[in-house]
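# Working through the structure, step by step
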Amino acid sequence: MSATAPPQGHSPGEGLTARARRRYRRMPLRSRLAMLTALAVAVAVALSAAACWLITRDRLTEQLDTTLSTVEVDSGYVQALTAKCTGAAPNVRFQPTPYTVQLVSATGGSCTAPEKSRIPPQRSDVAVAAGRLADSVHTTRADDGTEMRVSTVPYHGAVTDAAGGRLAISVAAPMGQVTEPLDQLALVLLIVAGVGVLGAATAGLGVARAGLRPIDRLTAAVEHVARTEDLTIRIPTEGEDEIVRLSRSFNAMTAALAASRDLQQQLIADAGHELRTPLTSLRTNIDLLVRSERSGRPIPAADKEALLTSVKAQMGELAALIGDLQELSRTPEAGPGSGAAVRVVALHDIVGAALERARLRGPALTVTATLDPWYVRAEPAALERAVVNLLDNAVKFSPAGGTVLVRLAAGELTVRDHGPGIPEDELPHVFERFWRSPSARSLPGSGLGLSIVARTAKQAGGGVRLRSAPGGGTEAVLTLPGAPTPPPDLPGNGAGEKA
């Protein structure tokens, strides 16, 4: 005995509704819109047709009931009908009539006009004959199966049944005069509904195609970008609807991606250019040392020491450049305080530690600082590197015997040197990656230090700017949001610090 395998792609426990829902989701959007439009029209037409049919049925039935209630049966007809049914006058002739006239007794007996099919009396008819109901209107079937509409009223004449009881008169007509127009109406409504649904489906498909044409253009653009990586494509935008807004967002996204790719390519080109110089110098020095060893002609000790010192400096420069590149390649956080390593730190402590390093790198300089307590939310290592970069710039460009002034007050760190300063036309470029002033290109550095400072300040919710200081030199201002007192779970230093 073999079991029947479920259809391919269907799980054994998947029901018909789930399969239909899955197939519906696989349909193209325009097909779904057309189907939903046709379905909505079909429901509306069906409800309208049903309401029209029911109202028409009620009106036709009401009209038939009114007609039946107005039919008058005279006493002579009743007497002739009674005589015919009892056999007293077998040769009585009755005028042709479209109605079926029937006498109903209180005991349930009936007497039907000749050449008419008997209609079985209902309880309501008997109740009318017995005087318990004033009248009765109902639908039933005659003995020959014809559906009849029957109106029964009491008979107040002198004729009684065989037992002397009262009688009721039932006047009936075939329901065909109601059902036949209804059947014709139903056929007309069905045809109209079918044409309407087909027309709605066609119109829905056309509307869906017209409405989704902008989405088709957007889809084609996205597929083109995915296939060719061409970020210069733009979608025309006219109007203010949702599709236009989506197209504008797509254009903005491709523009941002193109700008990001250009920046990435520029970063790679700049990094390659910056790496080429120390690598070339390093290679030249190492070649000299190798050639000296292979030729057997040793380099003088002083020259060899100079070469080794240069190699060490160049390696340090390469290491610093690689470290700066790694710092810039890190994904920026969404905002201040959102990184996993971000916490509340004492900015004055970080500046104090950076000052010690600055004094070691510029022993011939005088570094003075006034630091007020300030607590910020930032990544400690990145913040310390940013402060060190600011102090290194001040030390690098300060003349021998010069002074570097450092001040931290109300979340604003100011580092002022007395060096040559930066021309006004170069100030807008100082935070660009690998940008170096023409007058400073002979000095060591990668051109990434201030970029790292700007990035760190932005991640911490602050900012940094450079400006020319009065009397010469440059003044760097790093501003970070925070508070002069630590949160309850972080101990503070209390009073200000003098360094």
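This next bit is on the overall build of the chain. Regarding its fold elements, the chain presents 10 helices and 13 strands. Split into buried and exposed, the 499 residues of the chain put 33% on the buried side. The contacts of the chain with a sequence gap of at least 6 include a subset with a gap of at least 24, amounting to 62%.

On the surface, a cluster of nonpolar side chains totalling about 380 Å² of accessible area is made up of Leu36, Leu39, Val43 and Leu47. Within the secondary structure, Leu47 is located in helix α2 (residues 29-69).

It is worth spelling out the side chain of Ser170 at this point. If you trace the backbone, Ser170 turns up in strand β5 (residues 167-174). Engagement of the side chain of Ser170 in a polar contact is seen with the side chain of Thr152, the distance being 2.7 Å. When neighbours within four sequence positions are excluded, Ser170 is seen to be in contact with Thr100, Val101, Gln102, Val104, Asp125, Val150, Ser151 and Thr152.

Here we take up the sheet that holds strand β1 (residues 100-105). The strand order across the open sheet built from five strands is β2-β1-β5-β4-β3, with neighbouring strands paired in antiparallel fashion. Every interior strand has two partners, whereas the edge strands, β2 (110-112) and β3 (136-141), have only one. The average angle at which neighbouring strand axes cross in this sheet is 25°, direction not considered. With six bridges joining them, β3 and strand β4 (residues 147-154) adopt antiparallel strand pairing. Looking at the pairing, Val137 lines up with Ser151 of β4.

Attention now goes to helix α5 (residues 176-228). Counted at 1.5 Å a residue, the expected span for α5 with its 53 residues is 78 Å, and the 73 Å between its end C-alpha atoms agrees. At Arg213, α5 is deflected by roughly 45°, the largest bend along its length, and proline Pro214 occurs up to four residues later in sequence. A positive backbone phi angle near 60° is found at Glu229, which sits one or two residues after α5.

Further remarks concern the packing of α2 against α5. At a minimum axis separation of 7 Å, α2 and α5 run at an interaxial angle of 160°. By the angle between their axes, α2 is roughly antiparallel relative to α5. Judged by the twist between their axes, the crossing of α2 over α5 is right-handed. Along the lines of polarity and charge, the residues of the contact of α2 with α5 split into 25 nonpolar, six polar and four charged.

Right, let's get into the packing of helix α8 (residues 347-361) against helix α9 (residues 380-397). The description of two helices packed together rests on the angle between their axes and the distance between the axes. In the contact formed by α8 and α9, the axes pass within 9 Å of each other and the chain directions differ by 40°. One element, α8, and the other, α9, form an angle in the oblique class. Crossing angle aside, the handedness with which α8 passes α9 is right-handed. When α8 is examined against α9, the residues Leu347, Ile350, Val351, Ala353, Ala354, Leu355, Arg357, Ala358 and Arg361 are found in contact with a partner set consisting of Pro380, Leu383, Glu384, Val387, Val388, Leu391, Asp392 and Val395.

This part takes up unusual backbone geometry. Positive phi is not limited to glycine here, since Glu115 has a value of about 65°. Positionally, Glu115 belongs in the loop between β2 and α4 (123-129).

Here we take up the confidence of the model for the chain. Taken over all residues, the pLDDT of the chain has a mean of 77, while the share at 70 or more is 80%. Mean pLDDT values for the elements of the chain range from 41 in strand β13 (residues 497-498) up to 92 in β3. The low-confidence segment residues 1-6, where pLDDT is below 50, has one contact with residues more than four positions distant or belonging to other chains.

A separate point is α9. Across its 18 residues, α9 extends 26 Å between first and last C-alpha, which sits within 8% of the 26 Å expected from 1.5 Å per residue. If you check which residues of α9 are buried, you get Pro380, Ala382, Leu383, Ala386, Val387, Val388, Asn389, Leu390, Leu391, Ala394 and Val395.

In this section: a positive patch on the surface. Residues Arg21, Arg23, Arg25 and Arg26 make up a contiguous surface patch of positive charge. With respect to the secondary-structure elements, Arg21 resides in helix α1 (residues 16-26).

Time to look at the pairing of strand β12 (residues 474-479). Side chains on a regular strand alternate between the two faces of the sheet. In terms of residue burial, β12 counts as a mostly covered element, since five of its six residues are buried. Strand direction decides the pairing type here: strand β10 (residues 412-416) and β12, joined by five bridges, are antiparallel. Following the sheet pairing, Val415 is matched in β12 by Ala476. Both strand β11 (residues 463-468) and β12 contribute to a ladder of six bridges, which runs antiparallel. Bridging across to β12, Arg467 finds its partner in Glu475. Here β11 folds back onto β12 in antiparallel fashion, the turn holding five residues, of which Gly471 has a positive phi close to 85°.

Looking now at the pattern of salt bridges. According to the stated counting rule, one finds seven salt bridges in the structure shown. Notably, a salt bridge pairs Glu62 with Arg59, separated by 3.9 Å at the nearest N-O pair. With Glu62 and Arg59 both in helix α2, this residue pair falls three residues apart, about one helical turn.

Time to look at the environment of Ile350. If you trace the backbone, Ile350 turns up in helix α8. With a relative accessible area of 11%, Ile350 lands in the buried category. Sequence spacing of Ile350 and Glu384 is 34 residues, and the spatial spacing of their C-alpha atoms is 5.8 Å. Once residues lying within four places of it in the same chain are set aside, the contact partners of Ile350 are Val345, Pro380, Leu383, Glu384 and Val387.

A word on the side chain of Thr61. Counting through the fold element by element, Thr61 comes out in helix α2. Those residues within four positions of Thr61 in sequence are excluded, and the remaining contacts are Arg149 and Val178.

Criteria and thresholds
Residues numbered from 1 in each chain as written. Predicted model: local features only at pLDDT ≥ 70, side-chain atom pairs only at ≥ 80, totals over all residues. Heavy atoms only, no water. Helix = DSSP H or I, 4+ residues; strand = E, 2+ residues; numbered from the N terminus. Buried < 20%, exposed > 50% of the residue type's maximum accessible area, 1.4 Å probe, protein only. Contact = heavy atoms within 4.5 Å. Patch = residues over 30% accessible without salt bridge, like charges linked within 9 Å, V, L, I, M, F, W, Y side chains within 5 Å. Areas by Shrake-Rupley, 256 points an atom, 1.4 Å probe, with all protein chains shown as cover. Salt bridge = Lys/Arg side-chain N within 4 Å of Asp/Glu carboxyl O. Polar contact = N/O pair within 3.5 Å; in protein donor to acceptor, adjacent residues only side chain to side chain. Pairing = 2+ DSSP bridges. Axes fitted to C-alpha atoms, helices over the stretch in contact; angles between N-to-C directions. Expected span 1.5 Å × (residues − 1). Bend = angle between axes of the 7 residues up to and from the residue. Parallel < 35°, antiparallel > 145°, perpendicular 65-115°, else oblique. Left-handed = near helix turned anticlockwise from the far one by under 90°. Nonpolar A, V, L, I, M, F, W, Y, C, P; charged D, E, K, R; others polar. pLDDT = per-residue confidence, 0-100. Lys, Arg positive; Asp, Glu negative; His and termini not counted. Charge placed at Lys NZ, Arg CZ, Asp CG, Glu CD.

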